[in-house]
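# An overview of the molecular structure
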Number of protein chains: 2
Amino acid sequence: MPLTGHPFVTKISRLMDMNAGNLDSLEAIMEREGTAAKRHDLIVHGAEHRDLCFVRSGYAIRYRLLRNGKRQILNVILPGDVIGFPVSFFDRATYAVVAVSNLSYSVCPLSSYVRLCYERPQFGLVLTWLAAREAAICAEHIVNLGRRTPIERLAHFLLEIHDRLLEVGCAEQTRFDLPFSQGILADVLGLSVPHLNRVMQELRAERLIVSTSRLMELPDIAGLRRLAQYQPVDLALIPAGPTAQRGL
Amino acid sequence: MPLTGHPFVTKISRLMDMNAGNLDSLEAIMEREGTAAKRHDLIVHGAEHRDLCFVRSGYAIRYRLLRNGKRQILNVILPGDVIGFPVSFFDRATYAVVAVSNLSYSVCPLSSYVRLCYERPQFGLVLTWLAAREAAICAEHIVNLGRRTPIERLAHFLLEIHDRLLEVGCAEQTRFDLPFSQGILADVLGLSVPHLNRVMQELRAERLIVSTSRLMELPDIAGLRRLAQYQPVDLALIPAGPTAQRGL
DNA sequence: CGCCCCGTTGAAATGAGTCAAGCCTTGTGG
DNA sequence: CCACAAGGCTTGACTCATTTCAACGGGGCG
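What you are looking at is a predicted structure, and each value in this text was computed from that prediction instead of being measured. (Residues numbered from 1 in each chain as written. Chains lettered and ligands numbered in written order. Predicted model: local features only at pLDDT ≥ 70, side-chain atom pairs only at ≥ 80, totals over all residues. Heavy atoms only, no water.)

Next up on the list: the relation of the copies chain B and chain A. Take chain B, turn it by 180 degrees, move it 0.0 Å along the axis, and it overlays chain A with an RMSD of 0.0 Å. Both copies of the chain, as the preceding transformation shows, are related through a two-fold rotation axis. Residue B:T128, judged by its C-alpha, is the member of chain B lying nearest the rotation axis, at 2.4 Å. Same-surface contact between copies: 100% of interface residues of chain B are shared with the interface of chain A. (Least-squares fit on C-alpha atoms with pLDDT ≥ 70 in both. Contact = heavy atoms within 4.5 Å.)

This is how it looks when you write it as C-alpha cells:
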C-alpha cells in the first residue's frame, strides 16, 4: 500500500524533502499494513516490542497502571504518530498502548528503520526532530499536571490535540473528532471523572467549547489560549547537510 | 580540552563504540568550554538558542513560569545531559534553564552536530536513543504528577536522580550530592514547600532517606523502590549498521 | 554585623477525591 | 424487533489532603 497521503509523511514533509527517492526508501522498509479494533491492546506493559507502527488513522493512548488501580495516560496517539516511540528503544515496554477507536497503521521493524538511517541519515535526524517535538509536548503535560488548574489543563489539552490534528490534516479550523470518554480525559489530566465532568461544564458555560458526543468544537480559540496560556510550538528546520547537495 | 572522561561520553559509550575515530570527530566539533555560576540563566524563555551544551559537572533545571507566578520544573539537568535538547530544535525556547550549582560544559553549534550526523549516522541514532530515554523519564514525571501520592513522588524522584547519576559515575551506591533547595524539589513535584517539607520528614521517619544539607543517602533502596513502584529503565542497544563493518 | 535565603512549624481555608445513585445511550443477543 | 446489559455521563453529599498565609530560627555570605 503506497504511503502517499499517509499522515506520517505529511508530518515529516515539513522537515525534510520527501522526494520520490526518500518516499520509496521509506515504503520499501514497511513490512505490512495492520488494523486494530477499538479496545485492542497494541502494546502490553512489560512485553518486548521492536516495531515502529506509523498510524494512518484512528486514536490510541499510552498509559501506565499503578498498584492501587489508578491509571495515568501519558500521551494520546493520533494519526501520523509512531506507536513504537519510545517503547521500542527499551528492552521491555515501560507502559501499555491500547486503541480507543478503530485504527489502521503501517509497520516496519526498528532494525529496518535504523538501516535506513545509515543509508539516508536524514531519516535519523527526522526521528530526532520528532522526538524533540514529543519532548516538548511531554513538557507541556508536566506543566499541566503540576501547576495548572483543572480548567486550564483541559483547555490546554484540547488546544494541543486540535493543533496536532491540524498538522496532519485531520481537523477543521475550529472543530475535530474527539472519541475520548470522560474516563480517558480524566486519566490524561490527572483528575477524577466527576471533577472532569464539572470542569467540562464550566468550559461549556463560558462558551469556550461546544461538544456533542464525539465532535468537539472550539468557537473561541483565542479565549481558550488565553485561559490555558497556550503557546503553539514551532519546530525549527533541520540544518542542511551534504545529502541535499548530492541530491538524494 | 579533551573529552576523555566527559560524562556525556560515558553515557553514550553504552550505546555506541566510542573508538578514537568517533571520539576525535566529536571533539572536533566542540566550539568551546564554558562555565556558569549558580543561579546563572543558561537559556531564557522565548530566546533563540542553537547550541548543544554537554554538561561536564554541576546541576541545572529546566522550568516554566506561569502568569500567576507559579513555577513548574520540567526536568533536572545532570552531568552528561545535553542542555540544548530539545530547546535548540525550536524557533524559540519554550522554557528557561538556570544553573542551580556551578556548572561546566562543552559547547557545539547544533548545525555542526547535524553535519557530524551526516558523516557518521551513529551520532544521529545516539541522539534518537537519548531522546527516547528522555521521553521515558518525562513519562515517569507525568505518572508522578498525575497519579502518585506526594510521598511516592518524592521517593520516585530521588531514585531517578540516583540512577541517572550512577549512570555517569557521579554517585555512590547509596548516596549522592543533591544541591536542590526544598523550593526546587517542590516545584519539580508539583507541591507546595511546606507540604514537601512534611513529606520529606515522613521519608526520614520511615528511615528511607537520611539527608544532611547537600548529601542525600538512601539506606533502603529496595524499600524506596517498593514504595514508589520504581522500575529502572534499560535502553536497548542500537541495532548494528553498515558502519560497524566499515570499521568507522 | 546584618541581610537574605532556606528550612520548619502551625492554623485555617478550600479544592478535589470518593462514594453512591440515577439516567441515558449504545450495542447485543434472544 | 424488542429487551436487557454495559458503559458512559451527570449529580449530590461528605471527607480530607493539600494549599495558603504567617511567623520564626538558623546559617551563610557580603
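Moving on, we get to the sheet that holds strand β1 (residues 32-36) of chain A. Residue and element names in this part refer to chain A. Strand order in this open sheet of three strands is β1-β7-β3, and the pairing throughout is antiparallel. Of all strands in the sheet, those bounded by a partner on one side alone are β1 and β3 (51-57). Between one strand and the next, the sheet's axes are offset by a mean angle of 35 degrees, whatever the strand orientation. With six bridges joining them, β3 and strand β7 (residues 103-109) adopt antiparallel strand pairing. Looking across to β7, one finds that C53 is bridged to V107. Across the sheet, helix α3 (residues 110-119) is in contact with β3 and β7; its angle to β7 comes to roughly 65 degrees. (Pairing = 2+ DSSP bridges. Helix = DSSP H or I, 4+ residues; strand = E, 2+ residues; numbered from the N terminus. Axes fitted to C-alpha atoms, helices over the stretch in contact; angles between N-to-C directions.)

Turning our attention to the domain arrangement of chain A. All names here are of chain A. For chain A, the assigned domains read domain 1 (7-137) and domain 2 (148-228). Each of domain 1 and domain 2 has a C-alpha centre, and these two points are 24 Å apart. Between domain 1 and domain 2 lies a buried interface of about 1600 Å² when both sides are counted; carbon and sulfur atoms form 60% of it. Put simply, R164 and D81 hold a salt bridge, and the shortest N to O gap is 2.7 Å. Linking domain 1 with domain 2 are nine residue pairs in polar contact (both at pLDDT 80 or more). Only α1 (7-13), β5 (71-77) and α4 (121-147) provide two or more residues apiece to the side of domain 1 that touches domain 2. It is β5 that provides the largest number of residues to the side of domain 1 that touches domain 2, a total of five residues. For the side of domain 1 that touches domain 2, the residue count by class is nine nonpolar, four polar and five charged. (Domains from an automatic or database assignment. Buried area = accessible area lost by both parts, 1.4 Å probe. Salt bridge = Lys/Arg side-chain N within 4 Å of Asp/Glu carboxyl O. Polar contact = N/O pair within 3.5 Å; in protein donor to acceptor, adjacent residues only side chain to side chain. Nonpolar A, V, L, I, M, F, W, Y, C, P; charged D, E, K, R; others polar.)

Residue and element names in this part refer to chain B. Across the sheet, three strands lie side by side as β1-β7-β3; this open sheet has antiparallel pairing. A strand with exactly one partner marks an edge of an open sheet, and here the two such strands are β1 (32-36) and β3 (51-57). Strand-to-strand twist of the sheet, defined as the mean angle between neighbouring strand axes without regard to direction, takes the value 35 degrees.

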